[in-house]
Amino acid sequence: MLDIAEELHRWVEQGRDFAVATVVAVGGSAPRRPGAALAVDADGTAIGSVSGGCVEGAVYDLCQQALEDGESVLERFGYSDEDAFAVGLTCGGIIDILVTPVRVGDPVRPVVATALAAAVRGETAAVARIVSGPSELVGRALVVRPEGSYEYDGGFGAHPELDRTVAAEAGAFLDAGRTGTLEIGEQGSRCGAPITVLVESSVPPPRMIVFGAIDFASALVRIGKFLGYRVTVCDARPVFATRARFPEADEIVVEWPHNYLERTEVDARTVLCVLTHDAKFDVPLLQLALRLPVAYVGAMGSRRTHLDRNERLREVGVTELELARLRSPIGLDLGARTPEETALSIAAEIVANRRGGSGVSLTGAHTPIHHDVTSVPAGRIGSVA
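Keep in mind it's a predicted model, so treat the numbers as computed, not measured. (Residues numbered from 1 in each chain as written. Predicted model: local features only at pLDDT ≥ 70, side-chain atom pairs only at ≥ 80, totals over all residues. Heavy atoms only, no water.)

Draft legend 1. Expanded view of the overall build of the protein. Looking only at helices and strands, the protein has 11 helices and 16 strands in total. Per-residue burial over the protein gives 49% buried out of 385 residues. Relative to all contacts within the protein whose residues are 6 or more apart in sequence, the contacts with residues 24 or more apart total 59%. Entry remark: accessible area of the protein is about 17300 Å², with carbon and sulfur atoms responsible for 52%. (Helix = DSSP H or I, 4+ residues; strand = E, 2+ residues; numbered from the N terminus. Buried < 20%, exposed > 50% of the residue type's maximum accessible area, 1.4 Å probe, protein only. Contact = heavy atoms within 4.5 Å. Areas by Shrake-Rupley, 256 points an atom, 1.4 Å probe, with all protein chains shown as cover.)

This is the structure:
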């Protein structure tokens, strides 16, 4: 829905009634991804797309029906000999679509309006809508914002625990800039009748910048993409920093690392992984990195390399407080040896750092499994550590 936010925001401001059909899940060769949307207003005007043309006609009819009866509906379109040409899904695959009426007076309308306004203003926010579950909840929504603890507007009626749980879980999607579905229990726990929730994030994905175009970096790029990061590889050596070596990277930069870091944009979600373990690159890079407001700074190297690097950093004015931010040797102790195992240990440390995990085995531990789901008093605040 947020992919057509600008047009839908105008419709809201003009007081138009409309229904919005949103892709919830896809399989096979369906052309659009979750979050893609088509909307139809009361006059029959349509904007957006859910399938690149394959099932638009059938979805258009569903939107008009939702405007008439005020009911949300989840519909699956799949390829078969009987129905392929009936709905036009001749490309194969499966597509699940949620159709929600957004009429003046509907409880979901102010929530959708808030989400659309935030997206149009370029603010970071997510809208979570119930896709399947009790009929009275399907289509209901809340908007999550990352302001300190996760604040949310809207909700699911007399279900405060469900509100808080969805807000916290949606916050995790928001952290990663992801759109997708999650399943929770009807009362907000992992138990009980399942409810499926679609979370749409209006935020660019967080950045992972990998310095040092070595074999370990190639594995880290792959796992960084798996975790939802926009991954940049930076190295001053053009023979190593190539598209052939890093086909999964979003960006490859041939430049001295500290010069690139000085000019590029980072934020509180950015992770910096320094894999060069070469003092001429590491020292000026870490001197800058440890003073930036980023989420994580890790540096590869043996314990001997780590101690030598720390002394060099102290010599150029890096303080003990700044050094305390450095994760070095990089990664958690998994006994890793291969590039893939090492990348996993680095990724595990990044996740633990982001979520407040200890990194110890859950077996026998007395720590929470989900550190980012916190109980708070009833109200409109959901809290995430």
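Draft legend 2. Local environment of the pattern of salt bridges. For the structure on display, the rule yields 21 salt bridges. Here Glu-6 and Arg-10 are joined by a salt bridge, their closest N and O atoms 3.7 Å apart. Highlighted residues: Glu-6 and Arg-10, both in helix α1 (residues 5-13), separated by 4 residues, approximately one helical turn. A salt bridge links Asp-96 to Arg-76, with the shortest nitrogen-to-oxygen separation between them at 2.6 Å. In this pair, Asp-96 is assigned in strand β5 (residues 94-102) and Arg-76 in strand β4 (residues 73-78), connecting sequence segments 20 residues apart. Judged by relative accessible area, Asp-96 falls into the buried class, the value being 12%. In this structure, a network of salt bridges that share partners links the residues Arg-121, Glu-123 and Arg-145. (Salt bridge = Lys/Arg side-chain N within 4 Å of Asp/Glu carboxyl O.)

Draft legend 3. View of the packing of aromatic side chains. Taken as a whole and assessed by the stated rule, the structure comprises 2 aromatic pairs. On the numbers, 4.9 Å between centres and 50° between planes, the contact of Trp-256 with Phe-281 is tilted. Of this pair, Trp-256 sits in the loop between β13 (251-254) and α7 (257-263) while Phe-281 sits in helix α8 (residues 279-289), placing them 25 residues apart in sequence. A relative accessible area of 36% means that Trp-256 is categorised as partly exposed. A cation sits over an aromatic face here: Arg-178 above Phe-173, 4.5 Å from the ring centre. (Phe/Tyr/Trp six-rings, centres within 6.5 Å; stacked < 30°, edge-to-face > 60°. Lys NZ or Arg CZ within 6 Å of the ring centre and 35° of its normal.)

Draft legend 4. Examining the sheet that holds strand β2 (residues 37-41) more closely. Within the open sheet, the 5 strands sit side by side as β3-β2-β1-β5-β4. Their pairing is antiparallel. Of all strands in the sheet, those bounded by a partner on one side alone are β3 (46-48) and β4. Averaged over all neighbouring strand pairs, the angle between strand axes comes to 20°, with direction disregarded. The sheet contact formed by strand β1 (residues 18-27) and β2 spans 5 bridges and is antiparallel. Following the sheet pairing, Phe-18 is matched in β2 by Asp-41. (Pairing = 2+ DSSP bridges. Axes fitted to C-alpha atoms, helices over the stretch in contact; angles between N-to-C directions.)

Draft legend 5. Structural view of the environment of Gly-185. For Gly-185, the location among the structural elements is in strand β9 (residues 180-185). A residue is classified by how much of its surface remains accessible, and Gly-185, at 0% relative accessible area, is buried. Between the alpha carbons of Gly-185 and Thr-165 there is a distance of 9.6 Å; along the sequence they are 20 residues apart.

Draft legend 6. Looking closely at the pairing of strand β7 (residues 141-145). Burial analysis of β7 places 5 of its 5 residues in the buried class, which makes it a mostly covered element. Residues Ala-141, Val-143 and Arg-145 point to one face of β7 and Leu-142 and Val-144 to the other, with burial holding for every one of them. Here 4 bridges tie strand β6 (residues 125-132) to β7, and the two strands are oriented antiparallel to one another. By the bridge assignment for β7, Ala-126 is matched with Val-144.

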